[in-house]
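Tertiary structure, described
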Amino acid sequence: APVELTMLAWYGHAEPDIVAEFEAENNVKFVPKYYTGGDNMLGLISQSPAGTYDVILSDAEYVQALNEAGYVEELDPNDYAISDYFPEFQQFPGNWSDGKLFSLVTRFGFLGVAYNTDALTEADASTYNVYWEENLKGKVGHFDWHLPNLGQISLLNGNSNPYDIDDAGWQGVQDKTMSLRPQIGGFFDYGGTFSSLNDGQMLAFAGIGDWITGVLEKNGAKVRSVVPEEGGLQWSECFSIGKGSQKAELAKKWIQYITSAKGQAKSAQMAAYPALIPNQKGWEVLQAENPAEAKRQGMTKDAGNVIDMIRAGRIKYRQWPVQQGLEDWNDFWSEYKGA
Amino acid sequence: MSDSSANMNRSRLVDLSLKIYIILGFAFVFAPIAASFVFSFNSDRFPSIPLGHFSLEWYEAVASDPFAWQGLRNTLFVGVIVGIVSTGLGFGAAYTDFRYRFFGKQIYLALALLPPTIPVVILGLAMLAYLSRINLSGNSLSVIIAHVVICAPFAMAIIRLRLSQMDPDLEAAAWNLGASEWAAMRHVIIPFTKPAILGALFITMAVSFDEFAIAWFVSGLNETLPVKVLGFLQGQVSPRINAIGTFVFVTSMTLVILAQILLTGRSAKVRPVADEQE
Amino acid sequence: MRRSLTLYGLTFSLPLLIWQLLFFVFPLVFLVALSFWTVKNFRMQADLDTVNWATMYGRSVFWQAYGTTLAMASAASVLVSILAFPCSYAIAFKLSETARRWAIFLMVIPFFTSYLVRVYSWQIFLSDAGIINVMLGWIGLGPFGLLNTVGATIVGYLTLTYPLVVLLQLFSLVFIDRTLIEAAHNLRCGRLRTVFAVIIPSARVGLVIAALFAFILSFGDFVSPIYLGGGDPTTLSILITDTTKSGQQWPRAAVIALTMIATLLFVAFVAVRFAYKGRSK
Amino acid sequence: MKNNTLVSFEGVVKRFGDFLAVQRMDFEIAKGEFLAIMGSSGCGKTTTLRMLAGLEAPSEGVIRLSGKPINDLPTWSRDTPMVWQSLALFPFLNVIENVEFALKMRGIGKTERRRRAEQWLDRMQITEFASRNISQLSGGQRQRVALARSLVVEPEILLLDEPLSALDAALKVRMQSVLKNLQRETGITFVYVTHSQSEAFSMADRVVIMSRGKIEQIGTPQEIYRTPRTRFVAGFLGSSNMFTGKVTGIDGGVVTLDTPSGALRLGATDLPGPVAVGQTATLTVLDTKTHLATRAPAGNVNALPVRMIGEEFIGATATIYLEASDGHEIRVQKSHEDLANLPLQIGQELVAHWPLEDGHLVMEA
Amino acid sequence: MKNNTLVSFEGVVKRFGDFLAVQRMDFEIAKGEFLAIMGSSGCGKTTTLRMLAGLEAPSEGVIRLSGKPINDLPTWSRDTPMVWQSLALFPFLNVIENVEFALKMRGIGKTERRRRAEQWLDRMQITEFASRNISQLSGGQRQRVALARSLVVEPEILLLDEPLSALDAALKVRMQSVLKNLQRETGITFVYVTHSQSEAFSMADRVVIMSRGKIEQIGTPQEIYRTPRTRFVAGFLGSSNMFTGKVTGIDGGVVTLDTPSGALRLGATDLPGPVAVGQTATLTVLDTKTHLATRAPAGNVNALPVRMIGEEFIGATATIYLEASDGHEIRVQKSHEDLANLPLQIGQELVAHWPLEDGHLVMEA
Ligand SMILES: Nc1ncnc2c1ncn2[C@@H]1O[C@H](COP(=O)(O)OP(=O)(O)OP(=O)(O)O)[C@@H](O)[C@H]1O
Ligand SMILES: Nc1ncnc2c1ncn2[C@@H]1O[C@H](COP(=O)(O)OP(=O)(O)OP(=O)(O)O)[C@@H](O)[C@H]1O
Ligand SMILES: NCCCCNCCCN
Ligand SMILES: [Mg+2]
Ligand SMILES: [Mg+2]
């Protein structure tokens, strides 16, 4: 019988389109536990016995928390083809702590303005100000998490470092955000975001990007995401090995596989939701396998590709607030919702 | 019973309106179930009107997902055991309330009825925290434990209601006729409460079949089907929801209809059967 | 004869007591303890600090959510009781034995379908391009914004509670002594009046318990407010999820949960008192 | 229909599925009459009352109230309050609220309602329980509440289904006179189902005797007591000695009957119908009209040799059990004084005798 | 305790919370005895029976069965089957299954069980209902099932709580003799709660009269009937005339009592206790021992001028209602024959009289 390898991840990461090949090659069977939010994940790990999860996928922000809490094993950088990564991703913040590697970024994506192409043009959507448009009243949705939404407003307010703002800047973000409240038609989780964009319930969406609209687009929905002129945010997913894993060796093998060029190309086209990949060689494989998707996502050698956008400074990492507490942001978000 | 009431005391119009009202009630209850059924055969991933074409794709997706099968097995296993255990516990509590008066009874009853009042998200975490500390987390057993906690009160309520309809002299009469407490239990209390016991068994099973929030936390990697459905809903919006829903629905319906037919058949010729019993 | 608990009595009383002590009270105690813990760097630490209580109770959004949830759950339980009563009444008194058995059977069916699935299905009805608006469109009406409204949340609550409430009501209605109804008629009490003067008082325990269950289920539900109400307004169940997003603020979530428990306990206590009011032991 | 007829049953039949609970019933109840209905258990008394109250619909026939057919009138429009055998008190109301119920239904104001209810509690001697729950009352107390609840509206007709059956003897007697007085004072028509012969006979103006869904006899207590029209009635009252045999002669105003106990005669004036020689018939004679002597008395009497087999004393009266030569049981009921100078020992040979005019004929075996 | 005592109550008290339902009760029931318990509604009859059956625990005192204290013996080990006032038939069992219940509990095999149950159905005349549901029976039919259910085990003692109250008169009489015969044949001790004086007096060997939780008198029917020991008993039986007054003299074996209706005398032989001049006491005399005449008879009798106010006939007897000069009501019960030569019209002046030895004294007002 195949060896069982447990994976705690967002939905999709242990589905056959991604893992089947690896499973067959290594006589492994993934047993996934899919979570629906980073906090949810942390809660689950913290209350489960050590060693429950062999492989853990988490957003970059949470990796630090996992690491500090000692929920993940140290990784050996030499085990992985980090040198194939774009330079920006080789020393990815949060993956390293005191010079030690604890997780490895595997995919990322941009968050901008998601919109319904029947209702808005790309030009309309190219500024966060579109959310305040009169004809979108009640038709703007929020992905229900403070971090991407407030980050976007911070960008709109001209903060070059959207998560590192002083009290005045924070107050400005709050005021600006509050002024958006009457426009809002709802606060949605992943599934709700999907359906309300798909059926036109919401015409514009804050706090998401291609990882939602890309899937919908593939299914023929008239939605797209654009990084507006004020800039976009970047989310990143990283793999770690769970503390106390009995199958650390196999887990390492998996991370090697998924961060390899071949694995990366697969990952970019993940059926559940598409994403960008940090492995340059992976780009090449993708280009060869599925040039259309490579083009759609902007992972080509052409100018203006996603790395160029990063290099041009148009993209900021999504991260925990620096000068305020996470609670301050979250509390404000709750108040905003309740307003 | 209903036709013994004299006809001049009934109004056809009122009776008809009420019957239509019953149908409207059922329409409300069944609309989402029916829609789910229809959309489970719809090719589009995101349900919308007009429909796409007929497709079994979502059933195939579910059927080929070993975790869905594993989930179904877990659900059934958990549900049946939860049904039996919580009906047993609930029966005991209902009988205790019916029969005994003792110091601290209020507290006892509070314990027996409180769990459904705890928000499930919180109860889930609290359960997980506690169960993992006593090494009972992350498997079907932990789901059973947690589900019995919230299901037993339902069983207790249903059975207690039935007991309150019993002539209190009945049990005493049985004792008086030489039945020990145990015999009276077996020959009087249980026969009298049998409909409620069956009801409780079904309802608690159903509650367990449908519970996802607590199960998400405590089931660990041994997920039940509702937890999977939650994953589909929160994580990807897939008509597999409908496919699973319809599949589970049809399966359990078949079982319930069978039970119903068996029970009806029994009661129709209750006497001959009763003659044979023991 | 009511003797003190014997081996026989204990056989019936103890299992539930032990089970709930082991698997309910202890987790609950843990929850209470948790509400006094503190969180540092995403990690919960055992502590004895009232900060969570002070913080939560000091926030207006908490009280807002509290008021909203209370109002919505109350509205739902009153509404479902009123909507369900004619149905359970009709099933109890207007159907033949066989039809009644089938009606009960049909009412049990929803329990065997996933609540999640049904709520998800309601989205298909209620969305702007959904079944209802399409049908209204045929007669030139709409579209109306039905989804992501309080009304939609209430529809979700009804989906959750209607069958249960009908069954519970039914259960007390079918056992009403028919001669009481005859006696009322005989004393000049007309059809409708008998419903209020005799049937409802006779079935009071069942009716109140049914409403109570509806309240409890609605009060704690997070599925309908999120998937049908669009997360707006914030209910306590949503606030719990939100609160945990401040980096593992489970202790604060515990404060909300304990407040909810206290509320539900109070409501249940009042309801049961009311249900059995004026009845002798 | 007579002028003062309040209720009439015309060809009323009641079936429950296949079961014939009441067979073609034709009778009338006069305004202000006190009518008692008696009969063996399950004979249809309650069903008859329920049809009158509008709680069962007749399967056939017409019931009229004040001349108007009421078959289709719902109960609540009838004003035929009933006192239930099972009482049917409202358990969720206390005593006085139960009594007030009907007044409330008639829209009578709170104060007036309370006043009238209290008056009835008083009359029924249950004032002290006014605010008790029904479950806290004894059986007898409950029955009085049920009575008060129906009487409080002082209706034109009152239907009572064994209203006193749970009361003790003393209370029963007191309640009987309360009821009887009330009926006289108010002129309310009472239809009173009872098992108690003494209740029926001492209270009722007329008595209906039913058997298996059929009316066996209607008449004043005297008529029924003295001249039971059927064997069933005679047997049911339990107060007659019965001798079945063949009619052997009808002449000179005297009918002769040949019975296993001996030849008996009776006057032909009060015959139930045409009688022919050879027919089978039963002679009945009240046990109180049956006399005992040590030897056959002179005169035109029936006399049968009998042997004493037992005796029983209740209050002022004694019942002597005897058997005729063929073993047929004969009872004689007398006051102690009347029996004082008879040698009453078990086994004693005596003669039972009665005047011809005290025997009655029933054309049944 | 006598040798043949089956049951004894020794200082038994029963409280429900504060309410004293049964007050210090001391009495014995002999083996094979037929004991009837009577009393007004709510006086504690059912409670007494339930304590004996082991369904209520005495608050104080000891109950013995065959000499052994049984306070702590559970019902099911007692073998004291009871016929319930509420019947308490099992609704989920049919008639014969109900009857078989106790046999089944005793582990008796299926065939034997069925045989014995059928025998009892037959005896109770309910064979045709054997497979009916309880809900399909009339009240009387149900009661017979309840009787059969308890009798089927042919126990040493049987407790009956108004077992015949729902039966019709004829059936009641038939059942009475069935019960009485059964009791005689089997020697089963019967404890029989009833409201019916005639039932109690005609069936019981001894009768207990209770009032408000207290035993007022125990004795044979004759004793109780002839010499009621308390005003309550006399009033409860409703068969005595009562005159309350002050004792004015005790001499020569005669006690004189000054009552509002006149001075009355009685023999001093049968006094309930020491009597002193000046005490208040009540003289009772049975209405059947009270005679009527147009003028005061000669001899040593009590005689009171009275006026007739009403009459009532039941069967062989008539009751004449009269009032004394002070308005006090007096009843006289006689056979029609006894009254034949009196001018009985309302308003007629007569004399009520009785021999001194027929009066009894009760030391109560
Ligand atoms: N709803 C019913 N369905 C079928 N049979 C019935 C129904 N009601 C009464 N009966 C039958 O009809 C007959 C007459 O019943 P009813 O209640 O009138 O008798 P009753 O004379 O009042 O008897 P009792 O003196 O025992 O109260 C009985 O044999 C009874 O079993
Ligand atoms: N469980 C109880 N709790 C409180 N009071 C009770 C209880 N059972 C009986 N009583 C009271 O005790 C008294 C005696 O009741 P019991 O039932 O023995 O009366 P009874 O003589 O059988 O009356 P009835 O002739 O009406 O049946 C009554 O006043 C009754 O209200
Ligand atoms: N179904 C899981 C999708 C995970 C996407 N992660 C990115 C979070 C964006 N806020
Ligand atoms: Mg009847
Ligand atoms: Mg009693």
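Residues numbered from 1 in each chain as written. Chains lettered and ligands numbered in written order. Predicted model: local features only at pLDDT ≥ 70, side-chain atom pairs only at ≥ 80, totals over all residues. Heavy atoms only, no water.

1. Points about the overall build of chain D
Basically, it comes down to this: A helix here means a DSSP run of H or I that spans at least four residues, while a strand means a run of E at least two residues long, and both kinds are numbered starting from the N terminus. Residues are treated as being in contact if the distance between any of their heavy atoms lies within 4.5 Å. Throughout, the Shrake-Rupley method with a 1.4 Å probe supplies accessible areas, and for residues the shown protein chains are the sole cover considered. By the counting scheme adopted, Arg and Lys are positive, Glu and Asp are negative, and His together with the chain ends is not counted. Lysine's charge is taken at NZ, arginine's at CZ, aspartate's at CG and glutamate's at CD.
The number of helices and strands found in chain D is 9 helices and 20 strands. C-alpha extents for chain D along the principal axes are approximately 75 × 45 × 35 Å. Of all intrachain contacts in chain D linking residues separated by at least 6 positions in sequence, the fraction that spans at least 24 positions is 65%. In the form shown here, chain D has an accessible surface area of approximately 14200 Å², with 47% of it arising from carbon and sulfur atoms. Charge centroids of chain D, computed over 39 positive and 40 negative side chains, lie 6 Å from each other.

2. So, the interface of chain B and chain C
Interface extent is often summarised as the accessible area lost during association of the parts. What counts, and what does not: Using a 1.4 Å probe, buried area is obtained as the accessible area two parts lose upon being combined, added over both of them. A pairing counts as a salt bridge when a side-chain nitrogen of Lys or Arg comes within 4 Å of a carboxyl oxygen of Asp or Glu. Polar contact is the term for a pair of N or O atoms within 3.5 Å; when the atoms are in protein, one must be able to donate a hydrogen and the other to accept it, and sequence-neighboring residues count only if both atoms are side-chain atoms. Amino acids outside the nonpolar list (Ala, Val, Leu, Ile, Met, Phe, Trp, Tyr, Cys, Pro) and the charged list (Asp, Glu, Lys, Arg) are all regarded as polar, and Gly is one of them.
At the interface, 101 residues of chain B touch 87 residues of chain C. Here chain B meets chain C over a buried area of about 8900 Å², counting both sides, of which 78% is carbon and sulfur. In terms of surface lost to chain C, no three residues of chain B exceed F28, I122 and Y130 of chain B, which account for 7% of the buried area on that side. If you look at where chain B meets chain C, you find 1 salt bridge. Note that K94 of chain C is salt-bridged to D15 of chain B, the shortest N-O span being 3.1 Å. Viewed at the interface, chain C and chain B are joined by 12 residue pairs in polar contact (both at pLDDT 80 or more). The leading source of residues in the side of chain B that touches chain C is helix α1 (residues 12–39) of chain B, at 17 residues. For the side of chain B that touches chain C, a count of residues per class yields 75 nonpolar, 16 polar and 10 charged.

3. Quick look at the pairing of strand β11 (residues 240–251) of chain D
All names here are of chain D. Rule in force here: Strands qualify as paired when DSSP identifies two bridges or more between them.
Relative to strand β14 (residues 280–286), β11 runs antiparallel, the two being bridged by 7 bridges. Along β14, the bridge assignment pairs F243 with L283. Bridge analysis of β11 against strand β12 (residues 254–259) gives 5 bridges, and the strand direction is antiparallel. Bridging from a neighbouring strand, K246 pairs with D258 of β12. From the end of β11 to the start of β12, which pair antiparallel, there are 2 residues, and G252 there has a positive phi angle of about 60°.

4. Let's talk about the environment of H291 of chain E
All names here are of chain E. Examined against the element boundaries, H291 turns out to sit in strand β15 (residues 291–293). Expressed as a C-alpha distance, the spacing of H291 and Q333, which sit 42 residues apart in the sequence, is 8.4 Å. Within the local environment of H291, its side chain forms a polar contact with the backbone oxygen of K289, the two atoms lying 3.3 Å apart.

5. Some words on the sheet that holds strand β2 (residues 19–30) of chain D
All names here are of chain D. Selection criterion: Here, axes are lines fitted to C-alpha atoms. For helices the fit covers the stretch in contact, and angles between N-to-C directions go from 0 to 180 degrees.
Taken together, the 4 strands give an open sheet; going across it, the order is β2-β1-β4-β5, and neighbouring strands pair in antiparallel fashion. Two strands close off the open sheet at either side, each with one partner strand: β2 and β5 (68–69). Bridge count for strand β1 (residues 5–16) against β2 is 8 bridges, and the pairing is antiparallel. Bridged to R15 within β2 is L20. With respect to the sheet, helix α1 (residues 45–53) is in contact with β1, β2 and β4 (60–65), its orientation differing from that of β1 by roughly 120°.

6. Quick word on the nonpolar core
When a protein is soluble and globular, its nonpolar side chains tend to lie buried together. Rule in force here: Each nonpolar core is a collection of buried residues, namely Ala, Val, Leu, Ile, Met, Phe, Trp, Tyr and Cys, held together in the definition by side-chain atoms within 4.5 Å. Residue exposure (1.4 Å probe, protein chains only): buried if accessible area is under 20% of the type maximum, exposed if over 50%, otherwise partly exposed. Domain ranges listed in this record stem from an automatic or a database domain assignment.
Residues W254 of chain A together with L31 of chain C are the most contacted members of the largest nonpolar core, which totals 396 residues. Of all the elements, helix α6 (residues 140–163) of chain B adds the most residues to this core, at 16 residues. Counting contributing residues, this core receives three or more from each of domain 1 (5–226) and domain 2 (231–293 + 300–362) of chain E. Leaving out residues up to four positions away in the same chain, W254 of chain A has contacts with L5, M7, H13, I18, V19, F22, F30, V55 and F239 of chain A. Formed by 88 residues, the second largest nonpolar core is a distinct cluster that contains A130, F190, A200 and Y225 of chain D.

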